[in-house]
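# Survey of secondary and tertiary structure
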Amino acid sequence: MVKIGIIGFGVHGRNVIGNHIWNRRVPGAEITAICDTNPDKLAWVQENHPNVKTFATAEALLASKTCDAIVVATPHYDHPTLAIQAMEANHHILIEKPAGVYTKAVRAMNEKAAQSDVVFAIMYNQRTNPIYRKMHDMVQGGELGEIKRFSWLITDWYRPQAYYDSGGWRATWKGEGGGVLINQCPHNLDLWQWIVGMPKRITSFVHEGKWHNIEVEDDVTAYAEYENGATGVFITSTADCPGNNRFEVLGDKGRLVCEKGKLIHTKLAMGEREFNATNKEMFASPKAETYEVECPGEYPDHVGVLNAFVAKINGEGELVARGEEGIHGLTISNAIHLSSWLGKTVELPLDEGLFEAELKKRWK
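Residues numbered from 1 in each chain as written. Predicted model: local features only at pLDDT ≥ 70, side-chain atom pairs only at ≥ 80, totals over all residues. Heavy atoms only, no water.

### Considerations on the sheet that holds strand S2 (residues 29-35)
Spatially, six strands are ordered S3-S2-S1-S4-S5-S6 in an open sheet, and the strand pairing comes out parallel. Every other strand in the sheet has two partners, leaving strand S3 (53-55) and strand S6 (120-122) as the edge strands with one partner each. Between one strand axis and the next, the sheet turns through 25 degrees on average, direction left out of account. Relative to S6, strand S5 (residues 92-95) runs parallel, the two sharing three bridges. Residue pairing for S6: Ile93 is matched across the bridge by Phe120. Here helix H11 (residues 301-313) sits on the sheet and contacts strand S1 (2-7), S2, strand S4 (69-72), S5 and S6; the angle it forms with S5, its principal contact strand, is near 165 degrees. (Pairing = 2+ DSSP bridges. Helix = DSSP H or I, 4+ residues; strand = E, 2+ residues; numbered from the N terminus. Axes fitted to C-alpha atoms, helices over the stretch in contact; angles between N-to-C directions. Contact = heavy atoms within 4.5 Å.)

The structure is reproduced here in structure tokens:
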């Protein structure tokens, strides 16, 4: 059994991590310690799970040697710091998304991981979705040919003002580090780069407090450019109702559309570039076949990430996502913010120091 400690016993720490393990959905793990700064949460643990040790500080938990592995489910800024502390104490580590708020801190975490022998994972549970796994395999496997364009309209993140009013740290630059990009969209940004790859430059329009009484972004449109000339558009908001979730990837050999729980493939009989070079008819186009792609397999979600984490600690299988991979989606997020703040296109690799400085200007 892998002994697990949870740092941060809020919604994710309790409902996503704790309940799955206590309900025996992760048979190779047991919770032996929980840390939170709220004494009421620790009192609940002591009453309902008296065998679990409780701690008011992460330092005390790590020093207790009651755990083999740590799950970090705290506010975003703390993820890199706590992960580094866990690694230094020789604990395996699983961090909630996002990896952090700015990539400079996440890079330090990754550098520490490179010097450590512990298992390091991130909770990218959307990678266990059979549809996204299939998209990844098809795009990265070359079934669409060279990518020309993608678009993702992901606006089914509706949040009313009451959501933002529920906590003083919410939707603040100093407390949360951003809005829809850092809170709702880390999974989408990860899937973007996992499926289509990292862009070369980003131009964006980020609207802060456009639809809500908040200081951070709630409406985003980003335009991405790739080394090969491919382009992409990413649109998200927490104010669209009804919202939509439509992810389209177009390549030389066809198109994939993910929408409403289905994956639709339009396959060209001949690649568009070859057809364009050889065709002699003025209004002709390549023949195409459209069909729904079968996406076999279960969708284990958070449980899948937890079970893979525990198995890897025991020397079996592979992680759903290595912790080091969290920097990629965060790089896109940081670039989107920085482009809008500066009013110009941002090149990747990102100027991490500039982003950190611009972010901290917005702390109140």
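### Remarks on empty space enclosed by the protein
The tally for this structure, following the rule as stated, stands at one cavity of 30 Å³ or more. Around the largest cavity, the lining residues are Pro98, Ala99, Tyr124, Leu181, Ile182, Pro186, Leu189, Gly326, Gly329, Leu330 and Ser333. Looking at which element gives the most residues to the lining of the largest cavity, the answer is helix H12 (residues 326-342), with four residues. (1 Å grid on protein atoms, 1.4 Å probe; cavity = no way out; pocket = protein on both sides within 12 Å on 5 of 7 lines; lining within 4 Å. Points joined across faces, edges and corners; volume = space filled by probe spheres on them.)

### Side note on the packing of aromatic side chains
Within this structure, the stated rule accounts for 13 aromatic pairs. Ring geometry for Phe150 and Trp192: centres 5.1 Å apart, planes at 55 degrees, overall tilted. Here Trp192 lies in helix H9 (residues 186-195) and Phe150 lies in strand S7 (residues 147-154), a separation of 42 residues in the sequence. The pair formed by Phe150 and Trp192 is uniform in burial state, with each residue classed as buried. A ring pair is formed by Trp152 and Phe247, whose centres lie 4.0 Å apart and whose planes are at 0 degrees; its orientation type is stacked. Remark: Phe247 occurs in strand S11 (residues 245-251) and Trp152 occurs in strand S7; sequence separation between them is 95 residues. No difference in accessibility class separates Trp152 from Phe247, as the two residues are buried. Among the aromatic side chains, those forming a connected cluster through ring pairs are Tyr132, Phe150, Trp152, Trp192, Phe234 and Phe247. It is Arg14 that lies over the ring of Trp44; its NZ or CZ is 3.7 Å from the centre. One cation-aromatic arrangement involves Arg159 over Tyr163; the distance from NZ or CZ to the ring centre is 5.2 Å. (Phe/Tyr/Trp six-rings, centres within 6.5 Å; stacked < 30°, edge-to-face > 60°. Buried < 20%, exposed > 50% of the residue type's maximum accessible area, 1.4 Å probe, protein only. Lys NZ or Arg CZ within 6 Å of the ring centre and 35° of its normal.)

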